[in-house]
Amino acid sequence: MRQFAREYEALFTISEDGRAHAERYGFAPEQLRVARLGVTSAGRTLPSDPGHLSLLSVSSLTPFKQVHLIVAAVAEVAKRLPETQVRWTHVGTGELGLDIERAVAERLGLANVTVDLLGHIPNPELMTWFDANHVDLFLNASSSEGVPVSIMEAMAHEVPVIAPNVGAVSEIVPPELLLPADFTVDDLATRVIEVRERVKDLSYRQAIRALQVEAYDADTNYSVFVRDIAALGADDA
């Protein structure tokens, strides 16, 4: 790639992290532009009632998504909060589906835990699910990411997100909800417990949505991207 990098007029990346990677492959700073992804406006997902904790994850069941760590963390949360009714819902399928089902059976058969493994849900139906259900926190446990659209969608519904600091995740998830890249089950469980009351606060949830709208709004970002492409063409005319 290095031998061809200077032949490109511009390279658009979806994050500052991607831009930094491109510089290491020989692109000059003036060639690089960030064109962020985005999602459309969404309805409001309300938090659960007092005494309940509703957790959601959306991902494929593949090794780098590390959903087994979420299973273990949910079990730890439930053990530390025996008076709280904990619900974990997962959307997504994959090669580790049977492994996750076994882990759920082995670790989450607790009296105060409810698990819903919903499998694959088409995106329009998932957006409807957000509108019809209560969610306190969205959990991401991936070992590698770009800028996950699933995180944007959760935040667009006013759902705070806990996620590890990998890829460009820190560009969308606020610091108080970031985990170390090499986080442990205890790290995830402890963070869930620490923020469980704050993430139910409606003003905090509105602030989470504002972060998404500011940087990851589809209408704004894609209009700017089209404008920038058109400007490149005009410069060449």
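Just so it is clear, the model here is predicted, and its values are computed rather than measured.

K.L.:
So what's going on with the sheet that holds strand E7 (residues 161–164)? Which residues, and what values?
P.N.:
Within the open sheet, the six strands sit side by side as E5-E4-E3-E6-E7-E8. Their pairing is parallel. Pairing within the sheet leaves two strands with one partner each, and these edge strands are strand E5 (113–119) and strand E8 (178–179). Lying on the sheet, helix H3 (residues 67–80) is in contact with strand E3 (52–58), strand E4 (85–91), E5 and strand E6 (137–139); it crosses E4 at an angle near 170°.

K.L.:
Before we move on, could you go through the environment of Ala105 and cite the residues and values that matter?
P.N.:
Topologically, Ala105 is positioned in helix H4 (residues 97–107). You can call Ala105 exposed: its relative accessible area is 61%. Considering only alpha carbons, one finds Ala105 and Val195, 90 residues apart in sequence, at a separation of 27 Å.

K.L.:
So what's going on with the packing of aromatic side chains? Which residues, and what values?
P.N.:
Under the definition given, this model contains three aromatic pairs. Their ring planes at 90° and their centres at 5.1 Å tell us that Phe12 and Phe225 sit as a pair that is edge-to-face. Of this pair, Phe12 sits in strand E1 (residues 11–13) while Phe225 sits in helix H9 (residues 218–236); the two residues are 213 residues apart in sequence, bridging distant segments of the chain. A relative accessible area of 33% places Phe225 in the partly exposed class. Taking the centre distance of 6.1 Å and the plane angle of 80° together, the rings of Trp129 and Phe130 count as edge-to-face. Of the two residues, Trp129 and Phe130, both sit in the buried class.

K.L.:
I'd like a description of helix H6 (residues 149–156), backed by residues and values.
P.N.:
In terms of burial, H6 is a largely internal element, seven of the eight residues being buried. Where the residues of H6 are buried, they touch E3, helix H5 (123–132), E6, E7 and helix H8 (202–215). Looking one or two residues past H6, Glu158 carries a phi angle of roughly 70°, positive in sign.

K.L.:
Describe the nonpolar core, listing the residues and the values that go with them.
P.N.:
Among soluble globular proteins, nonpolar side chains are generally buried collectively. Judged by nonpolar contacts, the single largest core of 63 residues is most densely connected at Leu55, Trp88, Ile162, Val173, Leu188 and Val192. Sorting elements by how many residues they give to this core places H3 first, with nine residues. Not counting residues within four places of it along the chain, the set of residues in contact with Ile162 comprises Leu137, Phe138, Leu139, Asn140, Leu177, Leu179, Leu188, Arg191, Val192 and Val195.

Each value, and the rule that gives it
- Residues numbered from 1 in each chain as written.
- Predicted model: local features only at pLDDT ≥ 70, side-chain atom pairs only at ≥ 80, totals over all residues.
- Heavy atoms only, no water.
- Pairing = 2+ DSSP bridges.
- Helix = DSSP H or I, 4+ residues; strand = E, 2+ residues; numbered from the N terminus.
- Contact = heavy atoms within 4.5 Å.
- Axes fitted to C-alpha atoms, helices over the stretch in contact; angles between N-to-C directions.
- Buried < 20%, exposed > 50% of the residue type's maximum accessible area, 1.4 Å probe, protein only.
- Phe/Tyr/Trp six-rings, centres within 6.5 Å; stacked < 30°, edge-to-face > 60°.
- Core = buried A, V, L, I, M, F, W, Y, C linked by side-chain atoms within 4.5 Å.

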